[in-house]
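Residues per chain are reported as follows:
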Amino acid sequence: MHELSVTQSILDMAVEEAKKAGASSVDKISIVLGELTGIAEDCVRFYFDIIKKDTLAENAQLSFSHVPAVLKCKKCGYEFERQTFSFTCPKCGSPGVLIDKGKELYIDHIEVSFDGNKVGKEHT
Ligand SMILES: [Zn+2]
């Protein structure tokens, strides 16, 4: 049920932003989603379709940018994306460790309408 609470906060934030801006509806929510969050895009989409009803985001589209996990080699310092289930450095063959990439989960920006006029709004 973790995805449900995450989806709820995404929806709440987007609706809040739209209300603050005096918008009549949310058209699009762009979400940055890191691989290491363990959150599945499909689940978020599924829950969003259920909870968006009767909110300003009722007709909003979700758009996801995925951030892959990145490993850093302890020996040579090379940073690389994980290939399937290997943690091995492609340069020197030493084991890599996960660094703080891929843990992202936030709204990049939302697009709202003011009585039919579409305007992009950055979420800060
Ligand atoms: Zn290396």
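Let me begin by describing the structure that accompanies this report. (Residues numbered from 1 in each chain as written. Predicted model: local features only at pLDDT ≥ 70, side-chain atom pairs only at ≥ 80, totals over all residues. Heavy atoms only, no water.)

**What about unusual backbone geometry?**
Then, number 1: With a phi angle near 60°, aspartate 54 is a residue other than glycine that sits in the positive phi range.
Then, number 2: Position of aspartate 54 relative to the elements: it lies in the loop between α2 (41-51) and β2 (61-67). (Helix = DSSP H or I, 4+ residues; strand = E, 2+ residues; numbered from the N terminus.)

**A short note on the pattern of salt bridges**
Then, number 1: Taken as a whole and judged by the stated rule, the model has five salt bridges.
Then, number 2: A salt bridge links lysine 52 to aspartate 49; its shortest N-O distance comes to 3.2 Å. (Salt bridge = Lys/Arg side-chain N within 4 Å of Asp/Glu carboxyl O.)

**Focus: the pairing of β2**
Then, number 1: Taken together, the seven bridges between strand β1 (residues 25-34) and β2 define a ladder with parallel strand orientation. Paired with serine 30 across the strands is serine 63, a residue of β2. (Pairing = 2+ DSSP bridges.)

**Side note on the coordination of the zinc ion**
Then, number 1: Ligation of the zinc ion by protein atoms is provided by Cys73 (SG), Cys76 (SG), Cys89 (SG) and Cys92 (SG), these donors lying 2.3 to 2.4 Å from the ion.
Then, number 2: Since its relative accessible area comes to 3%, cysteine 89 is described here as buried. (Donors = N, O, S within 2.8 Å, 3.2 Å for Na, K, Ca; no water. Buried < 20%, exposed > 50% of the residue type's maximum accessible area, 1.4 Å probe, protein only.)

**Some points on the sheet that holds strand β4 (residues 79-81)**
Then, number 1: One open sheet holds the three strands; their spatial order is β4-β3-β5, and the pairing between them is antiparallel. Two strands bound the open sheet, and with one partner strand each, they are β4 and β5 (96-98). Sheet twist, expressed as the mean angle between neighbouring strand axes with direction ignored, is 40°. (Axes fitted to C-alpha atoms, helices over the stretch in contact; angles between N-to-C directions.)

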